[in-house]
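Architecture and fold: a report
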Amino acid sequence: MQLGTHIWSFTGSETADGGTAGELARVGATAEQVGVHAVSVMDHFFQMDRVRPAEEPMLEGYGALNFLAAHTSSVRLGLLVGGVTYRHPGLLAKTVTTLDVLSGGRAWFGIGAGWYEREHRGLGVPFPPTAERFERLEETLRVCQAMWDSSSTAPFEGRHYQLAETLCSPAPISDPHPPVLIGGGGERKTLRLVAQYADACNLGTDARSVDAIAHKLEVLRNHCTDVGRDYAQIHKTMLYNGGELHAGDHDGFVEAMAGYAEIGIQTVFVLPPGDRPSEWIEQNCAPVVPRLAAL
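Okay, so let's go over this structure.

Notes on the pairing of strand β3 (residues 76-79)
Examined bridge by bridge, strand β2 (residues 38-41) and β3 share four bridges and lie parallel to one another. Paired with Ala38 across the strands is Arg76, a residue of β3. Following the chain from β2 across helix α2 (residues 61-70) to the adjacent parallel β3, one finds a crossover that is right-handed.

What follows is the structure, given as structure tokens:
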């Protein structure tokens, strides 16, 4: 099992040495030093008001990732996960490609249907109904496929998006393109899209039970059978917010992860606090990276 770290809060970073920029650079450097496989950030413009006040500091996701690309050399970088409503898919493919090129082929393309209505309304971004957001998600995945197909720049004609040219130059460094990660556990739509389009999935936003995650993976396996996809080709990840690491209980965390590794989870993302996350990564990720690798 590999370890990822998910930066979800920048509250308190302003008071660190070098401010927010200095602390984010240290997050990347520390993650690489201790062997963390991937660093992700959120794709939100307001802090999530279901967990913290919306007014708390929040950086734009791809800007933060490009900054991290300039301050790291090996860690994987991506959103966990991008909201499909925030960017036109043609521009989104260019944005992800830019991150991939500037990072030397270390980007992944995280995408989902989106959900945070307040920030949409607040910033004047259209917020379609759920069914339409999923329609747009599937079209966006198809647009990105077309943009990353170097053999053609043919037009794309969809219900929601029309592109006269699917031209993306330079091409991504990742071959054949940045891995596509779809986030969410919806059994009827999201996991079907994973089976059809994704290289990876992300399940869980908290300390969900092993049985619950195992059920989601079985649903994914069935969708793969239906669409003729090899289930083993999909990298299985989850976001874990259990309290073991925050309590300094490294043994308890590794024990909990053993159950998820057994059912097929390959990467687990943990959530450092917003206040000096680099110190937390050094103290709590370093001791568990080699132990997870042995699972």
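Observations concerning the sheet that holds strand β4 (residues 82-83)
In spatial order, the strands read β3-β2-β1-β11-β10-β9-β8-β5-β4; together these nine strands make up an open sheet with parallel pairing. Single-partner strands in this sheet number two, and they are β3 and β4. As paired strands, strand β8 (residues 180-183) and strand β9 (residues 200-203) are joined by three bridges and run parallel to one another. Considered in β9, the bridge of Leu181 is made with Ala200. On the sheet, helix α8 (residues 250-263) packs against β1 (2-7), β10 (235-240) and β11 (267-270) and is oriented at approximately 145° with respect to β10.

Describing the side chain of Glu119
Along the chain, Glu119 falls in helix α4 (residues 117-123). In this structure Glu119 is buried but unpaired, with Arg118 as the nearest side chain of opposite charge at 8.8 Å. Among the polar contacts listed, one links the side chain of Glu119 to the backbone nitrogen of Phe46, at a separation of 3.0 Å. Each residue touching Glu119, except ones within four places of it in the same chain, is listed here: Asp43, His44, Phe45, Phe46 and Tyr86.

Thresholds, definitions, all that
- Residues numbered from 1 in each chain as written.
- Predicted model: local features only at pLDDT ≥ 70, side-chain atom pairs only at ≥ 80, totals over all residues.
- Heavy atoms only, no water.
- Pairing = 2+ DSSP bridges.
- Helix = DSSP H or I, 4+ residues; strand = E, 2+ residues; numbered from the N terminus.
- Right-handed = clockwise from strand over helix to strand, strands pointing away.
- Contact = heavy atoms within 4.5 Å.
- Axes fitted to C-alpha atoms, helices over the stretch in contact; angles between N-to-C directions.
- Buried < 20%, exposed > 50% of the residue type's maximum accessible area, 1.4 Å probe, protein only.
- Lys, Arg positive; Asp, Glu negative; His and termini not counted.
- Salt bridge = Lys/Arg side-chain N within 4 Å of Asp/Glu carboxyl O.
- Polar contact = N/O pair within 3.5 Å; in protein donor to acceptor, adjacent residues only side chain to side chain.

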